[in-house]
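# Observations on chain architecture
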Amino acid sequence: MNEAETVLSYLYNCRRTDLYLRRHDKLGKDKAAILCGIFKRRLKGEPLGYLLGQTEFMGLNFKITADVLLPRQDTEILVETALEKIKSLKKEIKVLDIGTGSGCVAISLVKFTPHIKVTATDISLKAIELAKQNAVLNLVKEKIEFICCDLFPGHPSPVTSDQNFDVIVSNPPYIPSKEINLLQEEVQHEPRIALDGGKDGLDYYRRIIKEAPRFLKDNGHLLFEIGIGQAAGVRKITEDSGNFMVEEVVRDYSGIERVLILKNLGTLLKPIGDLSLA
């Protein structure tokens, strides 16, 4: 859907197809004024999702504010990859979504695989509150636990084995700090905390890969969205950690490496004496 269709669908409160299949009255003065206001602000670089207060992701509707990163098609690749991994496990599993923002990843996972249990975290309380609203909007309020914290729930307190997750997914901040001011104007309106990945853009990958084994079951999977050209860097962090192996690299529709699937080596790293004989 192009921007004109998106705005008109918003003003007429209808689907895109209805713009062409149904007759609509001319825009009244009030709606015309809203339309002019939207385009004036859009010309100044404000993202359309923020102007409308809503956006679509994985075919679902989400409320959006300037407190969260705008959901993008690239992140749908992360969700689609996670769905394939989850469905292959063929059991009730627990998933952790780190840096949930608007809740688009966690909510999409639950909508398409209702047998899973999801915990979603974010350091921003405003993001958590918005994600809760989106869970209500998409009728999955009871299926997701939202926690305001720094990456992992309960960190740094100990985690018991029955609290561990089968799958962890994350679209962390991955833009190098020095490049943020060079990004296109509309991206400058998005929260820096959701963009800034440190000097080389890989700070959050280092943190998550280091801490994840405490929260992930043996042979569990950690899925990351990555930026353009970051696959090699994240792969090296993975190999240096000794806790994970890169199981697969998934490319987006443009052929760009977009998602990394890491497998927790877990049991393979434990001394023989620690393995159960049961």
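Residues numbered from 1 in each chain as written. Predicted model: local features only at pLDDT ≥ 70, side-chain atom pairs only at ≥ 80, totals over all residues. Heavy atoms only, no water.

Time to look at the packing of aromatic side chains. A full pass over the atoms with the stated rule returns 3 aromatic pairs. Ring centres of Phe57 and Phe62 lie 6.3 Å apart, and the angle between their planes is 75 degrees; this geometry places the pair in the edge-to-face category. Considering the side-chain rings of Tyr205 and Phe224, the 4.9 Å spacing of their centres and the 80 degrees angle between planes classify their relative orientation as edge-to-face. Highlighted residues: Tyr205 in helix 8 (residues 203-211) and Phe224 in strand 7 (residues 216-225), separated in sequence by 19 residues. Assessed through its relative accessible area of 0%, Phe224 is described here as buried. (Phe/Tyr/Trp six-rings, centres within 6.5 Å; stacked < 30°, edge-to-face > 60°. Helix = DSSP H or I, 4+ residues; strand = E, 2+ residues; numbered from the N terminus. Buried < 20%, exposed > 50% of the residue type's maximum accessible area, 1.4 Å probe, protein only.)

So, about helix 3 (residues 29-43). In this model helix 3 runs 21 Å from its N-terminal to its C-terminal C-alpha over 15 residues, within 8% of the 21 Å that 1.5 Å per residue would give. In this fold, the buried residues of helix 3 make contact with helix 1 (3-12) and helix 4 (48-52). Immediately beyond the C-terminal end of helix 3, within one or two residues, lies Gly45, with a positive phi of roughly 100 degrees. (Expected span 1.5 Å × (residues − 1). Contact = heavy atoms within 4.5 Å.)

On inspection of all chains with the given rule, the structure shows 16 salt bridges. Glu129 is the partner of Lys132 in a salt bridge, and the nearest nitrogen-oxygen pair spans 3.9 Å. Of this pair, Lys132 and Glu129 both sit in helix 7 (residues 125-137), 3 residues apart, which is roughly one turn of that helix. Given the relative accessible area of 35%, Lys132 is considered partly exposed. Assessed through its relative accessible area of 37%, Glu129 is described here as partly exposed. Linking Lys217 and Asp166 is a salt bridge whose minimum nitrogen-to-oxygen distance equals 3.4 Å. Residue Lys217 is located in strand 7, and its partner Asp166 is located in strand 6 (residues 165-170); the two are separated by 51 residues in the primary sequence. One continuous salt-bridge network, built from bridges that share partners, spans Glu3, Arg42 and Glu186. (Salt bridge = Lys/Arg side-chain N within 4 Å of Asp/Glu carboxyl O.)

The set of residues buried in helix 9 (residues 231-241) consists of Ala231, Val234, Ile237 and Thr238. The buried residues of helix 9 all sit within an arc of 130 degrees when viewed along its axis, so they share a single face. Opposite the buried face of helix 9, at more than 90 degrees from it, the exposed residues are Ala232, Lys236, Glu239 and Asp240. Those residues of helix 9 that are buried are in contact with helix 8, strand 7, strand 8 (244-251) and strand 9 (257-264). Phi turns positive one or two residues past the end of helix 9, at Gly242, with a value near 75 degrees. (Arc of directions from axis to C-beta.)

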